[in-house]
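Okay, here's what each chain looks like letter by letter:
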Amino acid sequence: MKVLKFGGSSMSDARAVGLVKQIVEANGAPCIVVVSAFEGVTRRLLELAHLAIQRDEQYKSGLQTIAKLHFDVVNTLVPVAFRTAVLAEVQRLLGEYEDTLYGLFLLQDMTPRTQARILSIGVRLSSYTLSRIITGARYHDSSEIIRTRAGFLDAAVDFEDSNRQIAERFSALDHIAVLPGYIAGNSGGDITNLGQRGADYAAAVISAALNVEELTLWMDVDGFMSADPAMIPKAQPIGTLSYPEAFELSHFGAAVIFSPTIRPVFEKDIPIRIRNTFNLQAQGTLICNHSGNNAETLHIKGISSIEDISLIALQGTGLIGIGNVSARFFRVLADHRINVIMVTQASSEYSITIAVRPEEVDAAMEALNCEFYPHLNGSGEIKLQVETDLSIIAIVGERMRNTPGISATLFHSLARNGISVIATAQGSSELNISLVIRKSNLRKAVNAIHEGFFLSNYKELHLFLVGVGNVGKILLQQIQSQLNNLMNNLKLKINLVGVANSRRMYISPGGISPAGYAGEMEKYGESYEIDRFIAGIFALNLRNSVFIDCTGNETVAASYGKLFEHYISVVTANKIACSSEYSLYKSLKERSKEHGVRFMFETNVGAGLPVINTINDLIRSGDRILKIEAVLSGTLNFILNVLSEEMTMSKAIRAAKEKGFSEPDPRLDLSGADVVRKLIILARESGYAMEKSDVEIHPFLPSECFEGSLEYFWEKVETLDADFEKKRKEQAAQNKKWRFIATLDNGKASVGLQSVESKHPSYELEGSNNIIMLTTARYLEQPMVIKGYGAGAEVTAAGVFADIIRVANV
């Protein structure tokens, strides 16, 4: 025989009750069905009672709402032959309640006996109604079967008497018995209640008394989940839990069961199954005396949390040597009925720390102050301290026992997301590890831990992009086209969470479509301000966050340090930060490393060419960069390549601008300043502490070209066409070409126009391509050559995309 218990969420309306009918009838007789009140009714019954006590006549309209819910269920589901009788009984119980409310209205007081009777109305209504809906069912009154000792609220069960009554009533059961949960009765014939989750408790008491084959708790969830689905939508159902695992998860916040209520079945080794009334396809969770087959692959079963707790610490050198400190500490808390959630104690006896609910802090502090007053106010070597706004997270699983690496995975998951652990505890059974963190980090921490243990087969990144010009726009197109490929082949899920341009910004915790970002940003976004955008990132506090800078903006670049402080990786195509003062560059590198996040700027030099990463790999493997020769300006290389008798210097510069190779003001490229920035970055990555002032610049245009307006520039450069053409012909006659080359040689740096012979690696460099030649201690005779497209939005976006993927591969 089985006992089936249906919670209030399974009894929310006529449709839900209809599903309960189908489930029970499919199970067949004999079985015992224990039910809660219809969803929300018990809470509402007590609220209306308090309104009546306050002489607020709104209690009358509330009563009508409760009546309508029950009448709707009866009229929808009860067979016509029984409907009149059922409606009469429902009306009788509601009339009893209404009379009680009127009494409260007059007396303005409510005794525990009256409150217990009020709280019984909901389950008596639901159980009687259901008994007339289910074919072959009969109603049984729990207050006649489950007996309690003294008290009316949270009454203690008299197991000897209850077991006898239950056995007498149901040992030869041949039908479906429907009982109200939550209520019981005392020897005087009064209705009492069983307190929190009393319907579960009633079902467990009956199951244990009859030693049934299984207790099934029907709810609105698919069972125990690997974490709270409200925090982690991708939480997974847990197939099997041992009793201790279930107790630990429920103790630390998993609301599926309330561990004290199921103790009777645990003691009888009766399995408990959690099922979803609204999803019969889900197998649910089986709680029994073993951890189940899925333990073969999972070292932890689940993560549970308590959102709001406080820590109370008794600490100081004065504790050492005081006798029975722990005994006194916990005795006084027990005497004042303080519920201790977690305990951690230093082995040196320097401190005892407990976690309690915030509402119990004042009472606990008062009790402890009284107990330890002489020590607290004597030498001052003992202090009693409180820390608030904290949360507890617990990971639970029997297979953690004697398994190395569990703690490492746990703390690494937190550390790489910048989450500090304030306190931790682990019992000798190694069944759980519990830790205390800042409340503001709870969601981020649970997600990070869940990913570390349950989703190690794929990783999730949250992207925040500033700059959706040519490069940023194409980057989003590339991400959109590769979403499925990344998930299928790299096990990487990318979520675009924030996007901004120079006018608008938009952050959406639920994600933004890379294909539809522009419309979403325009419709839902707000005016752009980098500080508010970054504040929005910090407020979300998502793990594995990546800030992407596709601007050339100095203010955006100045924000990297703050991002690192909040454990956010940075991927940037913006050269400003890495080419400004060496002290800033060094500081950013150190801060990113200190916080365990990535600072990726491969596209600062050579667009999508693997230059910086190659240099990093060489140095990490023990090589030394001795010399760099490089053509680093795609714009200048294009101009120098297209020069001809018909294509003069001024025309070549205009062509570069028209094709998008140059900046709108081409003087920014022609001055060589951009090449200088790139050379500085390469030098610094090669181990040289170089500033801009250390680079010799040999511009190939006279200084007056860079003075005055853009119109003046065009006029001036046209006067130089003839001279450039003459020199070009001289070069061609000698089979030479011009290249604007950046050179780093033994720590000395220069940029300028050079003539190269046909044997030089850059001689055949076409279009806007770049080339970088690295002479190292290993590549001494023959330099390493990296060559390819060094400009253009497509390849630059691809380089940024590759850096994003590298962040995921930490």
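Summarised in this report is the structure supplied together with it. In this text, all values refer to a predicted model and were calculated from it rather than measured experimentally.

Moving on to the sheet that holds strand β16 (residues 432–438). For sheets, the rule is that strands pair by backbone hydrogen bonds, running either parallel or antiparallel. The strand order β12-β13-β11-β14-β16-β15 describes an open sheet built from 6 strands, whose pairing is antiparallel. With partners counted over all chains shown, the strands left at the sheet margins are β12 (342–345) and β15 (423–426), one partner each. Averaged over all neighbouring strand pairs, the angle between strand axes comes to 30°, with direction disregarded. Contacting β11 (302–315), β14 (383–396) and β16, helix α8 (residues 243–251) runs over the sheet at an angle of about 65° to β11.

Side chains of Tyr-102, Leu-106 and Leu-107 sit close together on the surface and give an oily, nonpolar patch of about 350 Å² of accessible area. On the basis of relative accessible area, Leu-107 is assigned to the exposed category, the value being 68%.

Let us now look at the packing of helix α2 (residues 41–53) against helix α3 (residues 59–77). Contact geometry of α2 with α3 gives a least axis separation of 9 Å together with a crossing angle of 160°. Between α2 and α3, the crossing angle belongs to the class labelled roughly antiparallel. Seen from above, α2 lies across α3 with left-handed handedness. Along its contact with α2, which presents Val-41, Arg-44, Leu-45, Leu-48, Leu-51 and Ala-52, the element α3 presents Tyr-59, Gly-62, Leu-63, Ile-66, Leu-69 and His-70. A breakdown of the residues in the contact of α2 with α3 according to their chemical character gives 9 nonpolar, 2 polar and 1 charged.

Spatial strand order, β25-β27-β26-β24-β28-β29: 6 strands in an open sheet with mixed pairing. Edge positions in the open sheet fall to β25 (695–698) and β29 (784–789), since each of these has one partner strand only. Averaged over all pairs of adjacent strands, the angle between strand axes in this sheet comes to 25°, irrespective of strand direction. Here strand β24 (residues 625–631) pairs with strand β28 (residues 769–776) via 6 bridges, running antiparallel. Bridge pairing in β28 places Val-631 opposite Ile-771.

Moving on to the environment of Val-675. Relative to the assigned elements, Val-675 resides in helix α26 (residues 673–685). For Val-675, a relative accessible area of 2% puts it in the buried group. Separated by 576 residues in sequence, Val-675 and Asp-99 have C-alpha atoms that sit 89 Å apart. Apart from the residues within four sequence positions on either side, Val-675 is in contact with Leu-632, Ser-633, Leu-636, Phe-740, Ala-742 and Val-751.

A few words now on the pattern of salt bridges. A full pass over the atoms with the stated rule returns 40 salt bridges. Close ionic contact of Glu-47 with Arg-43 constitutes a salt bridge, the shortest N to O distance being 3.1 Å. Here Glu-47 and its partner Arg-43 are both found in helix α2, 4 residues apart, which amounts to about one turn of the helix. A residue is classified by how much of its surface remains accessible, and Glu-47, at 31% relative accessible area, is partly exposed.

Taking 1.5 Å as the rise per residue, helix α28 (residues 721–733) with 13 residues should run 18 Å; its terminal C-alpha atoms sit 18 Å apart, in good agreement. When we look at burial in α28, the residues that qualify are Asp-721, Phe-724, Glu-725, Arg-728 and Gln-731. Viewed along the axis of α28, the buried residues span an arc of 120°, placing them on a single side of the element. In α28, the exposed positions that point more than 90 degrees away from the buried face belong to Ala-722, Lys-726 and Ala-733. Residues of α28 that are buried in the fold lie against α24 (649–658), α27 (710–718), β26 (736–745) and β27 (748–757). Positive phi shows up at Asn-735, right after α28, with a value of about 55°.

Within the fold, His-175 resides in the loop between α6 (159–170) and β4 (176–180). Here His-140 takes part through its side chain, which lies 3.1 Å from a polar atom of the side chain of His-175. A polar contact is formed between the side chain of His-175 and the side chain of Asp-174, at a distance of 3.0 Å. In contact with His-175, other than residues within four places in its own chain, are Ala-29, Pro-30, Cys-31, Gly-136, Arg-138 and His-140.

With that out of the way, let us pick up the nonpolar core. Residues Phe-547, Tyr-560, Ile-628, Leu-701 and Ile-772 are the most contacted members of the largest nonpolar core, which totals 72 residues. For this core, the element with the most residues is α26, which contributes 7 residues. Apart from residues lying up to four places away in sequence, Tyr-560 is in contact with Phe-547, Asp-549, Val-570, Thr-572, Asn-574, Ala-577, Leu-588 and Phe-599.

What counts, and at which threshold
Every residue gets a number counted from 1 within its own chain, in the order that chain's sequence is written. Only residues with pLDDT of at least 70 get local features here, since the model is predicted, and only at 80 or more are side-chain atom pairs given and counted; chain-wide, interface and lining totals rely on the full set of residues. The basis for every side-chain value is the complete set of heavy atoms in the structure, and neither hydrogens nor water enter the calculation. By the convention used here, strands pair only if DSSP detects at least 2 bridges between them. Helix and strand definitions follow DSSP, with helices as H or I runs of at least four residues and strands as E runs of at least two, each counted in order from the N terminus. For every element, the axis is a line fit to its C-alpha atoms; helices are fit only across the contacting stretch, and the angle between N-to-C directions ranges from 0 to 180 degrees. For this analysis, residues touch if any pair of their heavy atoms sits within 4.5 Å. Nonpolar side chains (Val, Leu, Ile, Met, Phe, Trp, Tyr) within 5 Å and like charges within 9 Å form the patches, drawn only from residues with over 30% relative accessible area and no salt bridge. Using the Shrake-Rupley algorithm and a 1.4 Å probe, accessible areas are obtained, with residue cover drawn only from the displayed protein chains. Salt bridge criterion: a side-chain nitrogen from Lys or Arg within 4 Å of a carboxyl oxygen from Asp or Glu. Categorising residues by exposure relies on relative accessible area from a 1.4 Å probe, with only protein chains included: less than 20% of the type maximum marks a residue as buried, more than 50% marks it as exposed, and the intermediate range marks it as partly exposed. Each angle gets one of four labels, with under 35 degrees taken as roughly parallel, over 145 as roughly antiparallel, 65 to 115 as roughly perpendicular, and the rest as oblique. For a crossing to be left-handed, the near helix must be turned anticlockwise from the far one by less than a right angle; the clockwise case is right-handed. Amino acid classes used here: Ala, Val, Leu, Ile, Met, Phe, Trp, Tyr, Cys and Pro are nonpolar; Asp, Glu, Lys and Arg are charged; the rest, including Gly, are polar. Here a helix's expected span is defined as the number of its residues, less one, multiplied by 1.5 Å. Arc definition: it is the arc formed by the directions from the helix axis to the C-beta atoms. Under the rule applied, a polar contact is a pair of N or O atoms within 3.5 Å (in protein, one hydrogen donor and one hydrogen acceptor; residues adjacent in sequence only if both atoms are side-chain atoms). To qualify as a nonpolar core, a set must consist of buried Ala, Val, Leu, Ile, Met, Phe, Trp, Tyr and Cys residues joined through side-chain atoms within 4.5 Å.

These figures capture arrangement, not role.
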